[in-house]
Amino acid sequence: MTIKNIFKASLFHSIHYGKIEFLKDAVITVLENGIINEVIKNNDPNYVEKLTEYSSHQNFYDFGDKILLPGFIDLHIHAPQWPQAGLALDDELSCWLDNFTFPLEAKYEDVNYAKEVYTDLVKTLLANGTTSAMYFGTIHNEATLELAKICADLGQRGFVGKVVMDDKTMNPNFYRDYSTKEALKNTEQFIKDVTALGKNVPQGVYPVITPRFVPSCTDEALKGLGVLAKKYNTYIQSHCSESDWEHNFVSERFGRRDTEVLASFGLLTDKAVMAHGNFINSRDAKIFSHNHSSVCHCPISNSYFANAVLPVNKLKNEGVNICLGTDISGGFSPSLYDNIKQTVMSSRLLNDGVDNNLPSNQRGINNSKVSIFEAFYLATHGGGKALKLPLGIFKKGYICDFQVIDISTPNNKLPNYLDNEEDKHLLQKILYLSTKENIREVWIQGKRVLKK
Ligand code: GUN
Ligand code: FE
């Protein structure tokens, strides 16, 4: 296969958790299929020769002082909840669902409404540097298929699920699957439709089996979804052990923990991404790690609904892969930058504790701090690992997705007044201070999808 594009750029990425690498003026060659062919470092013996050769190529791009970061990977987002982002965050989870979220999601029976909202959301995510996203749709096949088409058309890598919520005692009559049988039939049809759509989409769109969460589904539906996941080898997404209420509800219904229940129905596979996981214990973590399933950390949302802080380091040490999600609209922000920051801040509260009546040595949980670089890993390479796709770093064989950061853009110029700054300071500034104004271009699968 021939080389399509060549980039000369300085970049940051995180190959290992907590470790970052800065490559100054690297040369990246990308094949026609959007896969990185070579990353040539500036100390490579052939660097000058190759740069000279490539610089006359018709698709040679020199990004100069701008900085490339891997495209961000948002693995938990409710697309239909975008209209209420920032609203209604004062209730407890189950009240919020009943009073605000279900009535909003019911509106997506109207496909035109879906088209309008979903187009705006996908464009907003791209503008914020999110190149791959795993979405909950609604119970409606037609509107949710529209979301997959919008991702396909706008160039984003989309993982999209028709939501299943069939339990008549747990869901309102105005918003639930009509029957278990229909929920399963519609899910299977959705898998077929998105798979067919994805055949002609270079960056990929994928169907995701999506039981909303255990409380909203009958045993029969959970069982049927596990069978479909196996039959079609699909991705799976749901919520697991999010809040006290949700976690305890599942324990009471089954006499087993949320993780065990999901696993028993075949819903914790290596392609499963479970949102939140705040109440996962060490035994649950073993199941996640053994099954190669991932936990998607949603730190902004968790500040409102979780009743706890996810112990990221503890789960990482127990072998669980962790990625990052916005959880719109439990989380108000469409930006993974905001969630990277919140990961760090929430972890500091967990580490130090919050009750000022306690002596400092009893207040927090030691070794809970997550660094900004560790959070950056979760938003990039951690996401790639959750998807089991070569995503999130700049390396031969990986998919070429990136965002181009200009730290001097007039609308948000980052401070640059210190002498002898280390490379890593630049990444810290970008992660803490940049806004979508600083993201000047977004490339997915070797193709530019956005230029501001
Ligand atoms: N649990 C079930 N549905 C939802 C949802 O829409 N958002 C959040 N945060 N938790 C859920
Ligand atoms: Fe959620």
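For clarity, every value in this text was computed on a predicted model and none was experimentally measured.

Looking now at the overall build of the chain. The helix and strand inventory of the chain stands at 16 helices and 16 strands. Computed over C-alpha atoms, the radius of gyration of the chain comes to 22 Å, within 12% of the 22 Å expected from 2.2 N^0.38 for 452 residues, which places it in the range of a compact globule. Taking the principal axes of the C-alpha coordinates as reference, the chain spans close to 70 × 60 × 40 Å. Every one of the 452 residues in the chain was classed for burial, and the buried ones make up 60%. In the chain, once contacts between residues fewer than 6 apart in sequence are set aside, the share between residues at least 24 apart is 73%. Of the accessible surface of the chain, which amounts to about 18400 Å², a share of 49% is contributed by carbon and sulfur atoms.

Using the criterion set out here, one finds 23 aromatic pairs in the structure. With a centroid separation of 5.6 Å and 75 degrees between ring planes, the pair formed by Y17 and Y377 is classed as edge-to-face. With Y17 in the loop between β1 (3-13) and β2 (21-31) and Y377 in helix α14 (residues 372-379), this residue pair connects regions lying 360 residues apart in the sequence. Judged by relative accessible area, Y377 falls into the buried class, the value being 4%. On the numbers, 5.9 Å between centres and 45 degrees between planes, the contact of F102 with Y175 is tilted.

Attention shifts here to the environment of G34. Counting through the fold element by element, G34 comes out in the loop between β2 and β3 (36-40). Taking the C-alpha atoms as reference points, G34 and F63, separated by 29 residues in sequence, lie 18 Å from one another.

So, about empty space enclosed by the protein. Evaluated as defined, the whole model comprises two cavities of 30 Å³ or more. There is about 100 Å³ of room inside the largest cavity. For the largest cavity, the lining is made up of 13 residues, of which L93, W96, L97, H239 and E242 are closest to its centre. Elements that contribute at least two residues to the lining of the largest cavity include exactly α2 (93-106) and α10 (299-305). It is α2 that provides the largest number of residues to the lining of the largest cavity, a total of three residues. Among the residues forming the lining of the largest cavity, the class breakdown is five nonpolar, five polar and three charged. Counted as a void, the second largest cavity has a volume near 40 Å³. Together, I36, P70, G392, I393, F394, I399, C400 and D401 line the second largest cavity. The residue makeup of the lining of the second largest cavity, split by class, is six nonpolar, one polar and one charged.

Next up on the list: the nonpolar core. Most often, soluble globular proteins have nonpolar side chains that are buried together. Counting residues in hydrophobic clusters, the biggest one holds 88 residues, and the most contacted among them are L69, F72, Y135 and L431. Considering every element that reaches this core, the biggest residue donor is helix α3 (residues 111-127), with nine residues. Contact partners of Y135, with chain neighbours within four places excluded, come to I77, A79, L121, V122, L125, L147, C151, Q156, F159, V160, G161 and Q237.

Burial along strand β12 (residues 294-297) is two-sided: S294 and C296 and V295 and H297, pointing in opposite directions, are all buried. Where strand β11 (residues 272-276) meets β12, three bridges bridge the pair, whose relative direction is parallel. Considered in β12, the bridge of M274 is made with V295. Direction of pairing for β12 relative to strand β13 (residues 321-324): parallel, over a ladder of four bridges. By the bridge assignment, V295 is partnered in β13 with I322.

On to the pairing of strand β9 (residues 205-211), then. On any regular strand, side chains alternate: one points to one face of the sheet, the next to the other face. Among the seven residues that make up β9, six are buried, leaving the element largely enclosed by the rest of the structure. Bridging between strand β7 (residues 157-161) and β9 involves three bridges; their strand directions are parallel. Along β9, the bridge assignment pairs G158 with V205. Sheet analysis places strand β8 (residues 163-164) next to β9, joined by two bridges and oriented parallel. Each residue of the ladder has a partner; that of V164, found in β9, is P211. Taking the sense of rotation as the criterion, the β-α-β connection linking β8, helix α5 (residues 180-198) and β9 turns out right-handed. Summarising the sheet, β9 and strand β10 (residues 235-240) pair through two bridges and their orientation is parallel. By the bridge assignment, V208 is partnered in β10 with Y235. Chirality of the crossover, the property in question, places the unit of β9, helix α6 (residues 219-232) and β10 among those that are right-handed.

Take the UniProt feature "domain: Amidohydrolase-related" (unreviewed entry) in the chain next. With numbering aligned to this structure, UniProt lists the feature "domain: Amidohydrolase-related" (unreviewed entry) at residues 67-449. Annotated as 43% helix and 17% strand, the span residues 67-449 places its first and last C-alpha atoms 17 Å apart.

Here we come to the sheet that holds strand β4 (residues 60-70). Pairing is mixed across the open sheet formed by seven strands, whose spatial order is β3-β2-β1-β4-β14-β15-β16. Because the sheet does not close on itself, it has two edges, and the strands there are β3 and β16 (447-451). Recorded for the sheet is a direction-independent mean angle of 35 degrees between the axes of neighbouring strands. The sheet contact formed by β4 and strand β14 (residues 402-405) spans four bridges and is antiparallel. Within β14, the position partnered with I67 by the bridge is I405. Sitting on the sheet, helix α16 (residues 423-433) touches β1, β2, β4 and β14, and the angle it makes with β4 is about 70 degrees.

Taken together, H78, Q81, L93, W96, L97, R212, F213, H239, E242, H276, S301 and D327 make up the full set of residues near ligand 1. A distance of 2.7 Å separates an oxygen atom of ligand 1 from a polar atom in the side chain of R212. Within the side chain of D327, a nitrogen or oxygen atom sits 2.9 Å from a nitrogen atom of ligand 1. In the complex, 100% of the free accessible area of ligand 1, which totals 280 Å², lies under the protein chains. Here ligand 1 occupies the largest cavity.

Thresholds, definitions, all that
Residues numbered from 1 in each chain as written. Chains lettered and ligands numbered in written order. Predicted model: local features only at pLDDT ≥ 70, side-chain atom pairs only at ≥ 80, totals over all residues. Heavy atoms only, no water. Helix = DSSP H or I, 4+ residues; strand = E, 2+ residues; numbered from the N terminus. Rg over C-alpha atoms; globule rule 2.2 N^0.38 Å. Buried < 20%, exposed > 50% of the residue type's maximum accessible area, 1.4 Å probe, protein only. Contact = heavy atoms within 4.5 Å. Areas by Shrake-Rupley, 256 points an atom, 1.4 Å probe, with all protein chains shown as cover. Phe/Tyr/Trp six-rings, centres within 6.5 Å; stacked < 30°, edge-to-face > 60°. 1 Å grid on protein atoms, 1.4 Å probe; cavity = no way out; pocket = protein on both sides within 12 Å on 5 of 7 lines; lining within 4 Å. Points joined across faces, edges and corners; volume = space filled by probe spheres on them. Nonpolar A, V, L, I, M, F, W, Y, C, P; charged D, E, K, R; others polar. Core = buried A, V, L, I, M, F, W, Y, C linked by side-chain atoms within 4.5 Å. Pairing = 2+ DSSP bridges. Right-handed = clockwise from strand over helix to strand, strands pointing away. UniProt positions renumbered as here; feature names shortened; annotations may be inferred. Axes fitted to C-alpha atoms, helices over the stretch in contact; angles between N-to-C directions. Near = heavy atom within 4 Å. Polar contact = N/O pair within 3.5 Å; in protein donor to acceptor, adjacent residues only side chain to side chain. Sits in = over half its atoms within 2 Å of the grid points.

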